[in-house]
Amino acid sequence: MYHFAGDSTLTKPELYRELTASAEALVAGERDSVANMANLAALLWQLLPDLNWAGFYRVVAGELVLGPFQGKAACIRIPFGQGVCGAAAASGAVQLVADVHAFPGHIACDADSRSELVVPVLHHGVVIAVIDLDSPTLARFDAEDAAGIAQLAKAIAAAIAG
Ligand code: SME
């Protein structure tokens, strides 16, 4: 099993390069998408500070359905276009939300969440899932986090495709 050193002196781009390398090592050779998403959620939770939720929503029959995650129990189904996750899935664009209370239609699964980053995962040009990160801190995520998670999403897309 892969072990990450957890070096807190890394810059964000370095941290995300480590995260992506760790993720690729974790899913290498494994075809089970649920097992891969479960380990990836655990890795995100372990490596990224100041989160209260980290995990996946999968596109199933035209809506988002809860996938493997770390954090409190969450909403199970989210229609495309609703909330931050639904906006990411519908548009295919990263959603970087500094203050979830200011986001129209935000779905408050965990009342602790103050900011959120949602990154669509595309496989063969189609959104198959989103990676959702929530933080109890306002404006926890910036453009470097968005770029880092987008890089991760590209690297693991094939490994989580059902
Ligand atoms: N807040 C999200 C819902 C998912 S939970 O944060 C885990 C949203 O508005 O889409």
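Thresholds, definitions, all that
- Residues numbered from 1 in each chain as written.
- Predicted model: local features only at pLDDT ≥ 70, side-chain atom pairs only at ≥ 80, totals over all residues.
- Heavy atoms only, no water.
- Near = heavy atom within 4 Å.
- Polar contact = N/O pair within 3.5 Å; in protein donor to acceptor, adjacent residues only side chain to side chain.
- Helix = DSSP H or I, 4+ residues; strand = E, 2+ residues; numbered from the N terminus.
- Nonpolar A, V, L, I, M, F, W, Y, C, P; charged D, E, K, R; others polar.
- Salt bridge = Lys/Arg side-chain N within 4 Å of Asp/Glu carboxyl O.
- Buried < 20%, exposed > 50% of the residue type's maximum accessible area, 1.4 Å probe, protein only.

Engineer: Go over the site of the ligand with me, naming the residues and quoting the values.
Structural biologist: Close to the ligand lie 13 residues, the nearest being Val84, Cys85, Ile107, Glu116 and Asp134. At 2.8 Å from an oxygen atom of the ligand is found a main-chain nitrogen or oxygen belonging to Cys85. At 2.7 Å from an oxygen atom of the ligand is found a side-chain nitrogen or oxygen belonging to Asp134. Looking at the shell around the ligand, the elements that each hand over two or more residues are β1 (53-60), α3 (83-91) and β6 (126-135). A per-element tally of the shell around the ligand places α3 first, with three residues. The class makeup of the residues in the shell around the ligand is eight nonpolar, two polar and three charged.

Engineer: With reference to specific residues and values, describe the pattern of salt bridges.
Structural biologist: Summed over the entire model, instances satisfying the criterion amount to six salt bridges. A salt bridge links Asp110 to Lys72; the nearest nitrogen and oxygen atoms lie 3.7 Å apart. On the criterion of sequence distance, the pair formed by Asp110 in the loop between β4 (95-97) and β5 (115-123) and Lys72 in the loop between β2 (63-71) and β3 (77-79) is long-range, its members being 38 residues apart. Judged by its relative accessible area of 5%, Asp110 is buried. Among the residues examined, Lys72 registers a relative accessible area of 47% and is labelled partly exposed. Within the structure, one salt-bridge network assembled from shared partners comprises Lys12, Arg140, Asp142 and Asp145.

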